[in-house]
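Architecture and fold: a report
These are the residues of each chain, in order.
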Amino acid sequence: SEYRPCPLSIHYETYYDGDKSYDDKESQKINTACSIVDYYPDDKFLIFVHTKRTGNLMVKELGEHGISAEFHNANLAFKQRVDLENRFKNDSKCRVIVATSTLAWGCNLPARRVIITGIHRGLQIVENYDIWQMVGRAGRPKYDPRGDAYILVPESKKKESIAKLKEKSPIRSTILEY
């Protein structure tokens, strides 16, 4: 079903990836994400990164933009993760969480906007179902009337990347196989 209680808009933003090193491409993604956060100073954001290194760089760059952000990842103890999620829900000053996929599945947080910093994890393409779980964290019932998700795609492969993201993954149950 395409139904959502809160309407969701998907935006595809490009980052420059021509003849750049991996680090340069990550820097381009970080700068693009920071520009989006800067543009919406009153909204809460979840920014999904695919590596802890990029997450740490993202938090640092946001800080240089005067934006306080915290990094939610598997290195945090369970209590630290829960405390961060509660601050995000209840404290208006906590408006940006940078996260690995630790917040992609089953979380209901007040993120008006979500940014996904690319569709690759190293050389591997991130599975569509993982990307769409991240997208689905934007605009949650009880918190926002709507959501916006920004997926960063490489400029040189924009059309192919968007077409791949729009492919529906088949859902197959294995319950009856046992």
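Structure first, text after, so check above.
This write-up is about the structure you can find in this document. These numbers were taken from a predicted model, which means no experiment stands behind them.

1. Topic: the side chain of T100
- By secondary structure assignment, the location of T100 is in the loop between β4 (96-99) and β5 (113-116).
- For T100, the contacting residues outside a window of four places in its chain are F48, V49, K52, F71, H72, N73 and A74.

2. Side note on the side chain of R112
- The topology assignment puts R112 in the loop between β4 and β5.
- Filtering out sequence-adjacent residues up to four positions away, R112 remains in contact with D43, K44, A138, G139, D144, R146, G147 and D148.

3. Observations concerning the sheet that holds β5
- Strand order in the open sheet formed by six strands is β1-β8-β5-β2-β4-β3, with parallel pairing between adjacent strands. The sheet is open, and its two borders are formed by β1 (8-15) and β3 (70-72), each paired with just one other strand. Shown here is a sheet whose adjacent strand axes are inclined to one another by a mean of 20°, direction ignored.
- Across four bridges, the pairing between strand β2 (residues 45-48) and β5 is parallel. Bridging across to β5, I47 finds its partner in I115.

4. Side note on the packing of helix α1 (residues 22-39) against helix α2 (residues 52-64)
- Where α1 contacts α2, the axes come no closer than 10 Å and their chain directions differ by 45°. In terms of orientation, α1 lies oblique with respect to α2. Both α1 and α2 take part in a crossing whose hand is right-handed. From α1, D23, E26, I30, N31, A33, C34 and V37 reach across to α2, where they touch R53, T54, L57, M58, E61 and L62.

5. Some points on the packing of aromatic side chains
- Within the structure shown, the criterion is met by three aromatic pairs.
- Judged by centre distance (5.0 Å) and plane angle (80°), the ring pair of Y39 and Y40 falls under edge-to-face.
- The exposure class assigned to Y39 is exposed, which follows from its relative accessible area of 63%.
- Relative accessible area serves as the criterion here: at 23%, Y40 is assigned to the partly exposed category.
- A ring pair is formed by Y40 and Y150, whose centres lie 6.4 Å apart and whose planes are at 40°; its orientation type is tilted.

Rules used throughout
Residues numbered from 1 in each chain as written. Predicted model: local features only at pLDDT ≥ 70, side-chain atom pairs only at ≥ 80, totals over all residues. Heavy atoms only, no water. Helix = DSSP H or I, 4+ residues; strand = E, 2+ residues; numbered from the N terminus. Contact = heavy atoms within 4.5 Å. Pairing = 2+ DSSP bridges. Axes fitted to C-alpha atoms, helices over the stretch in contact; angles between N-to-C directions. Parallel < 35°, antiparallel > 145°, perpendicular 65-115°, else oblique. Left-handed = near helix turned anticlockwise from the far one by under 90°. Phe/Tyr/Trp six-rings, centres within 6.5 Å; stacked < 30°, edge-to-face > 60°. Buried < 20%, exposed > 50% of the residue type's maximum accessible area, 1.4 Å probe, protein only.

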